[in-house]
Amino acid sequence: MFKNYFKIALRNLKKSTGYTVINVAGLAVGLACCLLILLFVRDELSYDRYHEKADQIYRVTLDARLGEQEINGPIAPAPMAQTLVNDYPEVVQATRLFTYTGETLVRYEDNQFIEEQFYFADSTFFEIFTFPLLRGDPETALLEPNTVVLTESTARKYFGQDNPMGKTIRVDDEFDYAVTGVVADVPENSHFHFDFLGSLGTLGNSRNPMWVSNNFRTYFVLAEGHSPDALEAKFPAMVQKYAGPQVEEILGITVDQFFASGGRFEFHLQALTDVHLHSNLDYEIEPNGDITYVYAFSIIALLILLIACINFMNLATARSAGRAKEVGVRKVLGSNRRQLTLQFLMESMLLSVIALGVALVLAAVLLPLFNELSGKALQIDFGDAGLLAGLVGFAVLVGLLAGSYPAFFLASFRIVNVLKGQGQTGLKSSGLRSGLVVFQFVISILLMICTAMVYRQVDYVQTKRLGFAKEHVIVLERFDALDAQQEAFKQQIRQHPNVVSVAAAGTLPGRTFGDTSFFPEGASPDQLRNIRLLFTDFDLLETLDLDLVDGRFFSRDFTTDSTAVILNEAAVKEFGFTLEETVGKRLVSPGFGEDEEQLIPVIGVVKDFHYQSLRDEIRPLGMFIGRNLTYLAVRVQPDDLGGTLAAFESQWQSFAPEQPFTYSFLDNDVDALYRADQRTGNYFIVFAIIAIFIACLGLFGLAAFTAEQRTKEIGVRKVLGASVLSIIVLLSKEFTKLVAIAFVVAAPLAFFAMDRWLQDFAFRVDISWPIFLMAGLAALGIAWLTVSYQSIRAALTNPVEALRYE
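Fair warning: this is a prediction, and the values are worked out from it, not measured in the lab.

Within helix α3 (residues 80–87), burial applies to M80, A81, T83 and L84. Within α3, the buried residues cover an arc of 165° as seen down the axis, which keeps them to one side.

Spelled out as C-alpha cells, the structure:
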C-alpha cells in the first residue's frame with residue numbers, strides 16, 4: 001500500500017514541477033538555516049560540559065560597592081581557595097588561576113614568539129578540570145616554582161617532534177621555566193584557553209594574605225549532595241572573620257559600619273556550566289556568550305522553518321482547485337478519507353525528505369561562511385548515524401506538520417460538490433491562508449527592522465566622538481622590552497617626518513585597565529572610592545587629542561608630577577568634588593605607593609572619554625606618570641603607512657634586534673570591543689534575507705494560482721474595457737493589504753525587541769520611526785516585485801484564450 005502511495009506521490013510531484021521546486025526550495029533553505037543554527041546553539045550549550053566534574057565545579061565571584069562604584073567580577077583574594085578547603089568540609093578541592101593580561105616573550109633556542117595566553121595555576125588545577133596530560137604527572141606538574149605545562153600545539157611550535165619534558169624556556173628574557181607536562185589543547189567550547197600554565201607558586205602575590213585584594217580566579221569542586229546555596233549562605237561569616245579585621249585596619253571602621261554606610265563586600269558562587277551563557281561580569285578572561293542570543297536564534301530558526309511550512313500549506317490549499325476532481329474521482333472509485341489523507345501526507349513527507357537532501361548540501365556549502373560569520377569552527381559530521389537519523393526524523397515530522405492541514409482539507413471534499421465544480425477555493429475565500437501570509441511578512445518585517453536598528457547602533461558606536469582621536473594612531477607593543485632605551489627609541493621615532501606625536505602608556509583605550517582605591521584628604525577612610533588607573537608619560541594629551549578642562553597636564557618642568565594625578569570628570573564626581581575646586585585637592589590610597597599616608601595632589605582634570613565600551617558608563621579614571629610602560633602610541637600622517645611602519649620596524653631592530661616587532665592600530669583595538677555586536681548585525685541581515693526569500697517564494701506561488709483561478713474573470717474584465725494597469729492593481733491589492741496588516745503587527749514587536757536590546761548600551765541611538773517605515777515600504781516593494789510577474793502575465797493574456805479557459 002505504502003509503495004503505491006510513494007509512486008503516486010512521486011508522480012504528482014513530477015507533474016507539478018513549479019509547485020515542487022518552490023516548496024523544495026523554501027523547505028530546503030528553512031531546514032539548512034535550522035541546521036546551521038542548531039549547530040551554533042548546540043555548541044553554545046556545550047561550553048565547559050566536557051569536564052568530568054562539570055556539574056560539581058563552581059567559581060567564586062565578587063560583588064562589592066565602594067561609594068558609587070560597583071565591582072562585579074569572577075575574582076577572589078589569594079587566601080580564598082585554601083580557606084574553602086580548610087573551613088568547609090563540603091568543598092572537595094579548590095584551585096586558583098591567575099591570568100596575565102599582557103604579552104609575554106617566550107624563547108627556546110632559536111624559536112621565539114609573543115604569547116598572550118601564559119597563565120598560572122595551583123598544582124590542584126588538574127584535579128578540578130579535565131585537561132588530559134599527554135606527558136607528565138598531573139599531581140606534580142605544577143607543584144614546584146618555575147615549572148610550566150604546555151599545550152600540545154604549543155609544545156610542537158617550540159620543540160617540533162622532540163620531547164619537551166625537562167627542557168627550559170626563557171620568559172621575557174628574565175625567568176626560566178622547566179617544562180613538566182604537556183596537556184591536550186584546550187577545547188574550543190571552554191570559557192578560558194591557555195597555551196602555557198605556569199606554577200602559581202612562582203608568583204609572590206600568590207601568598208598575599210590580604211582579603212581586600214582580589215586578583216585570582218578561584219574554582220572548587222563541591223561534594224555531591226551538597227547545595228551551593230547552603231555554602232554561599234556561610235560566606236558572610238567568612239567575610240566577617242577574615243576580611244573584617246583588614247577592613248577595620250585600612251578604613252578605621254568595622255565591617256558592619258562599612259556595610260551600614262552603603263558599602264558592600266560579598267562573595268557568591270556561579271556554576272561552571274553557567275559561566276559562558278549566564279555571566280556578564282567585569283574582568284572575564286574571555287568574552288562570553290549570551291543566553292538571550294541562543295534563545296533569539298533558536299526562535300528565529302523555528303520561525304524561518306515555520307515560514308517554509310506555511311508556504312507548503314498555502315500552496316497546497318491554493319492548488320485544491322486543480323486537485324478537487326482527482327479527489328472526487330478517487331472517492332467514486334472507493335478511496336476513503338483515511339486513504340486520501342495518507343496519500344497527501346506521503347507527498348508532503350517525500351517533498352520534505354527531498355528538501356532535507358538539498359538542505360544538507362546547502363548547509364555544507366554555507367558552513368565555512370557561517371563559521372566566519374560566527375567566529376566558530378563548527379562541523380557537520382555526516383558519519384554520525386544518530387545525527388542523520390535525527391535529521392531524517394525531523395524532516396518527516398516537518399512534512400507531517402506542514403502537510404497535515406492540506407491533507408485533511410483536500411480529503412474532506414464532498415464528491416457531489418467536487419463533481420459539480422464547487423470544490424475550488426481561492427485567496428478571497430481562505431481567511432486562514434491570508435493569515436498565514438500575514439504571519440510570514442510579520443517575521444520578515446520584524447527581522448528587517450531589527451537588522452536596521454542593530455546596524456545603526458553599531459555604526460553609532462564606531463563613529464561616535466569618543467573624547468579622543470583613535471584614527472591614525474599606531475600602537476607599538478611591548479615597548480617595556482626596551483628597558484633603559486625607551487626614551488632614546490621614542491626620540492628616534494619622533495624624528496620621522498610622518499610622526500605627529502608620540503606617547504607611552506601602560507594601557508590604552510580598548511584594552512584592560514587596572515584599578516585601585518583612594519579617598520580625599522581629610523575624609524574618613526570609609527569614603528574610599530575605586531577608580532581605574534592609566535599610567536602614562538608627558539605626551540598622551542597631545543597624542544590622543546584629549547581635552548583638558550581644568551588645571552594642566554603632566555610636565556617635565558615639575559619634578560613633583562611623578563606623584564601627582566589627573567582625574568577625569570567621572571572621578572571628580574565620584575569623589576564629591578566640584579570642577580572648580582578639584583585642582584589642588586589631594587588623595588590618599590591605602591594601597592598606593594610604599595607609604596600608605598602619601599598624599600597625591602590633583603593637578604588637572606580631563607574631559608570624560610570612552611576608554612572602554614559604550615555599553616558601559618564612563619568610569620572614574622586617574623592618570624599617573626609611570627615608568628617602563630608597555631605601549632608606545634604614535635600619531636602619524638595617513639600618507640605612506642607602509643613606509644612609516646617599515647621605518648619603525650627598522651628602528652626597533654636597531655634597538656632590540658632579538659625582540660620581535662609587533663604593533664596594532666588604535667582604531668582597530670577600539671572597534672574590537674564591538675565585534676560581537678557586528679556579528680549580531682550580520683546574523684540578523686542573513687536571517688532577514690532568508691525569511692524574505694522564503695516568504696516571497698510562497699507569495700510567487702500564491703500569485704500564480706490566484707491569477708490562474710481568476711483567468712475567466714480577467715478575460716471578462718478585459719472584454720469590458722479594463723486596462724492592463726487596472727488588472728495588475730486588481731491582482732496586487734489583496735497582497736498589499738496583507739503586507740500592510742503585517743507591518744502594523746510587526747512594528748510594535750520590533751520596537752519592544754530593540755528597546756530591550758538597546759538597554760545593554762549606556763550610550764545608544766534613539767529608536768527611529770523612519771526605519772520602521774522604510775522596512776515596511778521595502779517589504780511592500782518586495783511583495784509587489786514578487787507578484788508583478790504573475791500579475792502582468794495575467795493582464796497581458798489574450799481575452800479570447802481566457803474565456804476559453806475551463
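Structure's up, so let's keep going.
Another aspect to go through is the pairing of strand β24 (residues 631–636). Where a strand is regular, its side chains alternate between the two sheet faces. Of all 6 residues in β24, 6 are buried, a share of seventy percent or more. Neither face of β24 is exposed, since Y631, A633 and R635 on one face and L632, V634 and V636 on the opposite face are all buried. Here 4 bridges tie strand β15 (residues 473–476) to β24, and the two strands are oriented antiparallel to one another. Counted as the bridge partner of V475 is A633 from β24. Relative to β24, strand β16 (residues 499–505) runs antiparallel, the two being bridged by 6 bridges. Across the sheet, the residue bridging to A504 is L632, located in β24.

To continue, consider the packing of α3 against helix α7 (residues 235–251). Packing of α3 against α7 leaves a shortest axis separation of 13 Å and a crossing angle of 115°. The handedness of the crossing between α3 and α7 is right-handed. Here M80, T83, L84 and D87 of α3 come into contact with α7, specifically with F235, M238, K241 and Y242. Broken down by class, the residue content of the contact of α3 with α7 amounts to 5 nonpolar, 1 polar and 2 charged.

In this section: the packing of aromatic side chains. Within this structure, the stated rule accounts for 49 aromatic pairs. A centroid spacing of 5.8 Å and a plane angle of 50° characterise the contact between F258 and F259, whose relative ring orientation is tilted. Judged by relative accessible area, which is 7%, F258 ranks as buried. Ring pairs connect the aromatic residues Y50, F125, F126, F129, F131, F192, F194 and Y219, which therefore count as one cluster. We note R552 situated over the ring of F558; from NZ or CZ to the ring centre the distance is 3.8 Å. The lysine or arginine in question, R615, covers the ring of F761, its NZ or CZ lying 4.1 Å from the ring centre.

A word on the nonpolar core. F441, L508, M623 and F687 are the most contacted members of the largest nonpolar core, which has 123 residues in total. The element contributing the most residues to this core is helix α2 (residues 17–45), with 16 residues. Beyond its immediate sequence surroundings of up to four residues, F687 is in contact with C33, I37, F297, I300, I304 and L447. Formed by 33 residues, the second largest nonpolar core is a distinct cluster that contains I75, V91, V239 and A271.

Rules behind the numbers
- Residues numbered from 1 in each chain as written.
- Predicted model: local features only at pLDDT ≥ 70, side-chain atom pairs only at ≥ 80, totals over all residues.
- Heavy atoms only, no water.
- Buried < 20%, exposed > 50% of the residue type's maximum accessible area, 1.4 Å probe, protein only.
- Helix = DSSP H or I, 4+ residues; strand = E, 2+ residues; numbered from the N terminus.
- Arc of directions from axis to C-beta.
- Pairing = 2+ DSSP bridges.
- Axes fitted to C-alpha atoms, helices over the stretch in contact; angles between N-to-C directions.
- Left-handed = near helix turned anticlockwise from the far one by under 90°.
- Contact = heavy atoms within 4.5 Å.
- Nonpolar A, V, L, I, M, F, W, Y, C, P; charged D, E, K, R; others polar.
- Phe/Tyr/Trp six-rings, centres within 6.5 Å; stacked < 30°, edge-to-face > 60°.
- Lys NZ or Arg CZ within 6 Å of the ring centre and 35° of its normal.
- Core = buried A, V, L, I, M, F, W, Y, C linked by side-chain atoms within 4.5 Å.

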